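Summary of the model geometry
Chain residues, written in single-letter form:
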Protein chains: 2
Amino acid sequence: MADTIEIGILFFPDVTQLDAMGPAQVLSRLPSARLHMIWKSREPVTTDCGFAVVPTTTFADCPQLDVICVPGGVGQVALMNDEETLGFLRRQAEAARYITSVCTGSLVLAAAGLLTGYRAACHWSVRDELTAFGAVPAAERVVRDRNRFSGGGVTAGIDFGLSLAAELAGERTAKAIQLMMEYDPHPPFDSGSPEKAGPELVALYRERTSGMMARRREENQRAAARVGASGTR
Amino acid sequence: MADTIEIGILFFPDVTQLDAMGPAQVLSRLPSARLHMIWKSREPVTTDCGFAVVPTTTFADCPQLDVICVPGGVGQVALMNDEETLGFLRRQAEAARYITSVCTGSLVLAAAGLLTGYRAACHWSVRDELTAFGAVPAAERVVRDRNRFSGGGVTAGIDFGLSLAAELAGERTAKAIQLMMEYDPHPPFDSGSPEKAGPELVALYRERTSGMMARRREENQRAAARVGASGTR
């Protein structure tokens, strides 16, 4: 029997649940995967969609992971300067085979000092803020740089998951999972990127999220100053 | 202020979580949506990926829904002849504006007698079994027939969700949600349908799922006999 692959997804309050659920669906189908949803305690964690998920393990009880994945969402902001979370990520990263993220989860990895000198994806709306951490933002759906894998915004987590599945278990297994998930996307509209959506919808997004984005920028900058002050890792 | 749109997703043991989470992510972003995750009790419900989700309401407490959505997965099998669940769906369907499903959830709607005479989508592997219920299986990613909307397997739930979002709140709103979710899919492989994956991967899927598929067929047939016996609704 193949060795178990320990896969852990950080699951925090106000996570954009699909950032996590796309990769969870893909990666849990790997033949010898064990999927962990990790948070500080095992109390249910409320997602951005209002419902709650029960973590399967905690920072204290989590085994050494082969893959650590950090999703994003509004809840990312509270993690940027949360030493308990950043410390957990750094400890896991020492021996993890792959250090990964979806959406704004890459900012959390960056805040832990884990993306300095690496290319990474992020949600389009906030991608540029990676530069303050010495990371190199990439406008791609899935980015690999050495053992860092990152996905762009929300639904990019599925493309990311399949790419990582192929890396972990081979292309045939990844393709079999894609078939099982009937992942042959046909979006009814073509507005999935700022370029395709056009300036009016981009402006609408910026306007609606301006309050949250201001808070995000502030916390990101505070974290970047800290990472800069402690030098590259 | 717009009236609240009550959106309910049936959330049952062994649900394929992404069947539910794709639409949940899309529909919870509608301006006046209230999303419910519904089951018999509010005890955490374990998904196919091992982690559990806490239902937000129960059959008994659920308000009249505008949209009822039934996802699929292995857990669908246990619902096919579960009168408590089928009764809940029938009661909600009397006044719901939209009766919807993702993946094998359409078989559950069919078992409740709610798809007789309707075209519907389903996971490719079991789509044909809809015919036993007097429904018309369609090999499409999103199918609309009057007030029935259905998505194909698993990830089709995102395409389904966006189509339903446009119906509920207009195309501009749906496009804004697509941009927020960065839904500009670029699958790393092209094996998301049986035609694209080819016979070898299809055979592998059939082989791996044969035990479950036999149980599924048996329960589906038992349900179909019951629906047939009680006449079309």
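Remember, predicted model here, so these are calculated numbers, not experimental data.

1. Re the relation of the copies chain A and chain B
The transformation that overlays chain A on chain B combines an axial shift of 0.0 Å with a rotation of 180°, and the residual RMSD is 0.0 Å. Such values leave the two copies arranged in the relation of a two-fold axis. Scanning chain A for the C-alpha nearest the rotation axis identifies V53 of chain A, at a separation of 2.2 Å.

2. Focus: the sheet that holds strand β3 (residues 45-46) of chain B
Strand order across the open sheet formed by four strands is β3(A)-β4(A)-β4(B)-β3(B), with antiparallel pairing between neighbours. At either margin of the open sheet sits one strand with a lone partner, and together these are β3 (45-46) of chain A together with β3 of chain B. Bridge analysis of β3 of chain A against strand β4 (residues 52-54) of chain A gives two bridges, and the strand direction is antiparallel. Each bridged residue has a counterpart across the sheet, and for T46 of chain A the counterpart in β4 of chain A is A52 of chain A.

3. Overview of the pattern of salt bridges
Between side chains of opposite charge, a pair can form as their charged atoms come close. One pass over the full model with this rule turns up 33 salt bridges over all chains. For K175 of chain A, the salt bridge goes to E171 of chain A, with nearest N and O atoms at 3.5 Å. Taken together, the residues span about one helical turn, with K175 of chain A and E171 of chain A both in helix α6 (residues 171-180) at a distance of four residues. Residue classification places K175 of chain A among the partly exposed positions, given a relative accessible area of 27%. The residue E129 of chain B makes a salt bridge to R217 of chain B at a minimum N-O spacing of 3.6 Å. Placement of E129 of chain B in the loop between β8 (119-120) and β9 (136-137) and of R217 of chain B in helix α9 (residues 210-229) is noted, with a sequence separation of 88 residues between them.

4. Observations concerning α6 of chain A
Structurally, the α-helix is built with 3.6 residues per turn, so residues lying three or four positions apart point the same way. Within α6 of chain A the residues assigned to the buried category are T173, A174, A176, I177, Q178 and L179 of chain A. On its buried face, α6 of chain A sits against α1 (17-27) and α5 (156-169) of chain A together with α7 (194-197) and α8 (199-208) of chain B.

What counts, and at which threshold
Residues numbered from 1 in each chain as written. Chains lettered and ligands numbered in written order. Predicted model: local features only at pLDDT ≥ 70, side-chain atom pairs only at ≥ 80, totals over all residues. Heavy atoms only, no water. Least-squares fit on C-alpha atoms with pLDDT ≥ 70 in both. Pairing = 2+ DSSP bridges. Helix = DSSP H or I, 4+ residues; strand = E, 2+ residues; numbered from the N terminus. Salt bridge = Lys/Arg side-chain N within 4 Å of Asp/Glu carboxyl O. Buried < 20%, exposed > 50% of the residue type's maximum accessible area, 1.4 Å probe, protein only. Contact = heavy atoms within 4.5 Å.

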